[in-house]
Amino acid sequence: MASRPEFYDFDLFRRSPATDALDDRPLAELAYTVFDTETTGLDPAGGDEIIAVGAARIVNARLLQGETFESLVDPQRGLPEASIAIHGITPDMLAGQPTIEQVLPRLRRFAEETVLVGHNAAFDLRFLQLKEAATGVRFDQPVLDTLLLSAAVHPEQRSHSLEEIAARLGVTVVGRHTALGDALVTAEVFLRLLPLLAERGIRTLGEARAAAQKTYYAQLAY
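Note that this is a predicted model, so its numbers are computed, not measured.

Visitor: I keep staring at the pattern of salt bridges and nothing clicks. Help me out?
Guide: Oppositely charged side chains can pair when the atoms bearing their charge come close. According to the stated counting rule, one finds 11 salt bridges in the structure shown. R15 is the salt-bridge partner of D20, the closest N and O atoms lying 2.5 Å from each other. Given a relative accessible area of 42%, D20 falls into the partly exposed group. Classification of R15 as exposed rests on a relative accessible area of 57%. One salt bridge connects D48 with R77, and the closest N-O pair in it is separated by 3.2 Å.

Next comes the structure, spelled out in structure tokens:
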């Protein structure tokens with residue numbers, strides 16, 4: 001399975017009452033849900049499905065190790081061998097697991113009144129967005145993407161993969177290509193990015209969203 005595209009057609013920068021209410025708040029004072037998904041493939045509009053979700057919480061610029069969310073998801077379809085080779089999740093592991101219609105309401109409650117954070121977040125959010133009609137669950141809170149924030153603070157770097165950013169910032173990568181493992185690594189990366197953003201005068205949610213939107217990667221379309 002190829003690497004994830006670095007942008008999908010989910011608008012990370014759309015305005016809403018939730019973003020307007022929080023844009024002036026300092027980044028260090030906000031609560032965050034850092035999340036990740038594993039999927040059957042890279043084409044959410046073409047029938048690929050979520051098979052695992054993981055999330056962690058940051059409050060007052062601290063990762064709360066005891067407050068996590070993790071669930072396997074029965075995709076109700078087959079798993080390509082190429083995807084199994086990436087994440088190691090097999091069909092027998094998913095048999096009897098809850099469906100996405102059961103998991104997303106739980107994730108939404110976990111993420112209530114927080115800012116979402118993801119790495120290449122538009123990829124994961126596109127999967128969630130396509131389930132809105134079936135589940136009635138909408139993730140309408142502000143979103144920050146560590147890929148774009150890394151590009152904002154290190155524009156000279158050619159790679160902003162999660163592994164490369166973690167290496168630059170001294171974050172140990174554990175549990176790569178598991179949903180919760182990647183969420184925890186992303187959370188640590190995000191916390192290391194906060195002081196680097198502050199050094200560039202980026203201290204509020206609105207300033208971080210604006211800086212991310214100006215990056216090269218935010219202009220890409222597929």
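Text resumes after the structure shown.
Visitor: Honestly, the nonpolar core in this entry has me stumped. Any pointers?
Guide: Side chains of a nonpolar character, in soluble globular proteins, are inclined to be buried together. Ranked by internal contacts, the top residues of the largest apolar core, which has 63 residues, are Y32, L144 and V189. By residue number, the principal contributor to this core is helix 9 (residues 179-199), which donates eight residues. Apart from the residues lying within four places of it in its own chain, the contact partners of Y32 are L27, A56, R57, I58, T114, V115, V117, L144 and F190. Residues I51, A52, I84 and A179 belong to the second largest nonpolar core, which totals seven residues.

Visitor: Quick question: what am I supposed to make of the sheet that holds strand 1 (residues 32-39) here?
Guide: By way of backbone hydrogen bonds, the strands of a sheet pair with one another, either parallel or antiparallel. Reading across the sheet, the five strands line up as 3-2-1-4-5 and stay open at both edges, with mixed pairing between neighbours. A single partner strand is all that each edge strand has here, and the edge strands are strand 3 (62-72) and strand 5 (143-145). With strand direction ignored, the average angle separating the axes of adjacent strands in the sheet is 25 degrees. Along the sheet face, helix 9 touches strand 1, strand 2 (50-59), strand 3, strand 4 (115-118) and strand 5 and points at about 30 degrees away from the line of strand 2.

Visitor: Would you take a moment to explain the packing of helix 7 (residues 146-153) against helix 9 for this structure?
Guide: When two helices pack together, their arrangement is given by the angle between the helix axes and the distance between those axes. At their nearest, the axes of helix 7 and helix 9 sit 10 Å apart, and the two run at 30 degrees to each other. Judged on the interaxial angle alone, helix 9 and helix 7 are roughly parallel. Seen along the crossing, helix 7 lies across helix 9 with a hand that is left-handed. Seen from helix 7, the contacting residues are T146, L149, S150 and V153; seen from helix 9, they are T186, V189, F190, L193, L196 and L197. Classifying every residue of the contact of helix 7 with helix 9 gives seven nonpolar, three polar and no charged.

The rules behind each value
Residues numbered from 1 in each chain as written. Predicted model: local features only at pLDDT ≥ 70, side-chain atom pairs only at ≥ 80, totals over all residues. Heavy atoms only, no water. Salt bridge = Lys/Arg side-chain N within 4 Å of Asp/Glu carboxyl O. Buried < 20%, exposed > 50% of the residue type's maximum accessible area, 1.4 Å probe, protein only. Core = buried A, V, L, I, M, F, W, Y, C linked by side-chain atoms within 4.5 Å. Helix = DSSP H or I, 4+ residues; strand = E, 2+ residues; numbered from the N terminus. Contact = heavy atoms within 4.5 Å. Pairing = 2+ DSSP bridges. Axes fitted to C-alpha atoms, helices over the stretch in contact; angles between N-to-C directions. Parallel < 35°, antiparallel > 145°, perpendicular 65-115°, else oblique. Left-handed = near helix turned anticlockwise from the far one by under 90°. Nonpolar A, V, L, I, M, F, W, Y, C, P; charged D, E, K, R; others polar.

Shape descriptors only; they carry no functional weight alone.
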